[in-house]
Amino acid sequence: WLKNRTRSLRRQVLSFLQVMADASGNKPTLLMPILFFVIGTLFGALVTIAVAYPVLKSEWDCDCDDGESFSSVAVTNAPTVAVAVGATNAPTVAAVVATNAPTVAPTATSSTDLLCENAQPQSPKDVSDDFVGLLLARSSNLDVSADHNLVLANVHYHLGAEHRSSGEYDYSKMEDLSFDAAVTDEYGYYCDNTDGYVNDSTADNFQAYSWEYCSNTEVGQTYEMHYVYSSGTANENGIVAGLGGAFAVHNNPTVTVRAQVYYIVNEDSADAEDFGFSGWNTALISDAVAYTGSTTGRSYDNDVCSPYQVTWHVDRHCQRVSAKSFDAMCMEMKNLNMDDDTEPHTTRDLVSASYSSSVQKTLTTEEIGYDP
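None of these values were measured; they are calculated from a predicted model.

(A) Highlighting the overall build of the protein. When you go through the protein residue by residue, the secondary structure sums to eight helices and eight strands. Counted over contacts in the protein with a minimum sequence separation of 6, partners at least 24 positions apart contribute 80%.

(B) Structural view of unusual backbone geometry. Look at the link from serine 123 to proline 124: it is a cis peptide, with omega at 5°. The topology assignment puts proline 124 in the loop between strand 1 (114-115) and strand 2 (151-159). Despite not being glycine, aspartate 204 shows a phi value in the positive range, around 60°. Within the secondary structure, aspartate 204 is located in the loop between helix 6 (195-202) and strand 3 (222-230). The class for aspartate 204 is partly exposed, based on a relative accessible area of 46%. Positive phi outside glycine occurs at aspartate 274, with the angle close to 50°. Examined against the element boundaries, aspartate 274 turns out to sit in the loop between strand 4 (255-265) and strand 5 (288-294). Judged by its relative accessible area of 47%, aspartate 274 falls in the partly exposed class.

(C) Local environment of the environment of methionine 225. By secondary structure assignment, the location of methionine 225 is in strand 3. Here methionine 225 falls in the buried class, since its relative accessible area comes to 0%. With 64 residues separating them in the primary sequence, methionine 225 and alanine 161 have C-alpha atoms 8.5 Å apart. Among all residues touching methionine 225, those that are not within four sequence positions of it are Val155, His156, Tyr157, Arg258, Ala259, Gln260, Tyr262, Phe275, Phe326 and Met329.

(D) The arrangement of the nonpolar core in detail. By size, the foremost hydrophobic cluster in this structure holds 33 residues, and its most contacted members are Val155, Tyr157, Met225, Tyr227, Phe275, Phe326 and Met329. With five residues, the single largest contributor to this core is helix 7 (residues 323-335). Counting residues in hydrophobic clusters, the runner-up holds 22 residues, among them Val228, Ala270, Tyr291 and Val310.

(E) Just the state of the cysteines, in detail. Under the counting rule described, the total for this entry stands at three disulfides. Paired through a disulfide, cysteine 191 and cysteine 318 show a sulfur-sulfur distance of 2.1 Å. Note on the cysteine 191 and cysteine 318 pair: the S-S dihedral is about -95°, so by sign convention the disulfide is left-handed. Of this pair, cysteine 191 sits in the loop between strand 2 and helix 6 while cysteine 318 sits in strand 7 (residues 309-322), and the two are 127 residues apart along the sequence. Across the disulfide, cysteine 214 is cross-linked to cysteine 330 (sulfur-sulfur distance 1.9 Å).

(F) Structural context of the side chain of serine 165. Relative to the elements of secondary structure, serine 165 occurs in the loop between strand 2 and helix 6. Separated by 2.8 Å, the side chain of serine 165 and the backbone oxygen of arginine 316 make a polar contact. Residue contacts for serine 165: discarding those within four places in its chain leaves Val127, Ser128, Asp170 and Arg316.

(G) Spotlight on the pairing of strand 5. Buried residues dominate strand 5, accounting for seven of its seven residues. Along strand 5, one buried face is formed by Ala288, Ala290, Thr292 and Ser294 and the opposite face, lined by Val289, Tyr291 and Gly293, is buried too. Of the pairings in the sheet, the one linking strand 5 to strand 7 comprises seven bridges and is antiparallel in character. Pairing of serine 294 across the sheet is with glutamine 309, part of strand 7. In the sheet, strand 5 pairs with strand 8 (residues 360-362) via three bridges, with the strands oriented antiparallel. Across the sheet, the residue bridging to valine 289 is threonine 362, located in strand 8.

(H) Local environment of the packing of aromatic side chains. Considering all chains together, one arrives at 11 aromatic pairs under this definition. Centroid distance tyrosine 157 to tyrosine 223: 5.6 Å. Interplanar angle 85°. Geometry classified as edge-to-face. Of the two residues, tyrosine 157 sits in strand 2 while tyrosine 223 sits in strand 3, which places them 66 residues apart along the sequence. Here tyrosine 157 falls in the buried class, since its relative accessible area comes to 0%.

(I) Local environment of the pattern of salt bridges. Evaluation of the coordinates by the stated rule reveals 10 salt bridges. In this structure, arginine 320 and aspartate 200 form a salt bridge, with 2.8 Å as the shortest nitrogen-oxygen distance. Of this pair, arginine 320 sits in strand 7 while aspartate 200 sits in helix 6; the two residues are 120 residues apart in sequence, bridging distant segments of the chain. On the basis of relative accessible area, aspartate 200 is assigned to the buried category, the value being 6%. One salt bridge connects arginine 316 with aspartate 287, and the closest N-O pair in it is separated by 3.1 Å. With arginine 316 in strand 7 and aspartate 287 in the loop between strand 4 and strand 5, this pair connects stretches of sequence that are 29 residues apart. In this structure arginine 316 comes out as buried when scored by relative accessible area, which is 6%. Look at the salt bridges and you will find they share partners, linking Asp129, Asp287 and Arg316 into a network.

Parameters at a glance
Residues numbered from 1 in each chain as written. Predicted model: local features only at pLDDT ≥ 70, side-chain atom pairs only at ≥ 80, totals over all residues. Heavy atoms only, no water. Helix = DSSP H or I, 4+ residues; strand = E, 2+ residues; numbered from the N terminus. Contact = heavy atoms within 4.5 Å. Buried < 20%, exposed > 50% of the residue type's maximum accessible area, 1.4 Å probe, protein only. Core = buried A, V, L, I, M, F, W, Y, C linked by side-chain atoms within 4.5 Å. Disulfide = S-S within 2.5 Å. Polar contact = N/O pair within 3.5 Å; in protein donor to acceptor, adjacent residues only side chain to side chain. Pairing = 2+ DSSP bridges. Phe/Tyr/Trp six-rings, centres within 6.5 Å; stacked < 30°, edge-to-face > 60°. Salt bridge = Lys/Arg side-chain N within 4 Å of Asp/Glu carboxyl O.

Structural data, given as structure tokens:
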């Protein structure tokens, strides 16, 4: 077909040139270069058409339902920004936040609050023998020795024992249905059911006392004393108001808090010399434990937890102290500009087993007597 078309075209061109030559009086041979140029151009065009024609014809005749045409590949396999990347494969910011980012609990007060599900063991815990904590601390230091050199940084007290010890301070006024529901600040646990408390009540040792230095403090109430020791105090006599003194020289000090639970009587036989600032009364302690926990106070609960690790030493028995000795402690606090500590601090609710340390150590008599 191509050869026939070329011969036919050549004859037509020669005839045309012959006519032109006769008309101009020139010989046809003078027009041969022009002839060859025209024939070459036409021949190239015909070859191109001949090669491309089968491919184009197959495309025109194709049903194109197998997904392999150019248009099909472009739509099916080439991901578009909107569909393949944006919607299908790349997670949106909203999806990441909804799936991975923990939300702030309803009781949280700011975006920096530590949710208890992410926290290390908390305080106060139940220190009874039959209580089992479920959270193992990543690190702890329950060793007590004479070589330790922590300094007493603060002394304060809480209304109601923050810890709980079965058979001792285990009575909850908030759980007592006969208790005045209008009283909302007597959280924690009390010594009211112990033999000692009952005997003092019978002996009329709960008569009112005229307080001179302590505020909002009452005879007959139970208080948990906290003696805060730290490696971060500014000097050897680093006692100041609040817990700031425990962090005076660095931000991650070793902190040990010793807790001893007292109920107050108006009875001179319960006087204690240098009550408060001499630390816990070792002469009264026969059963104490140590565990890893945290700071306390009512700003934390079972939703929002404390980020500060504390080693706790807790006397598991109720003790008694005279109102006179307690007031003398508050006088010394005022002398040290510790006015904020001359009234009870708020009491954190007992933390659940899920957030309580699974390790609790019984302290020996020697360990009870050592300074932390």
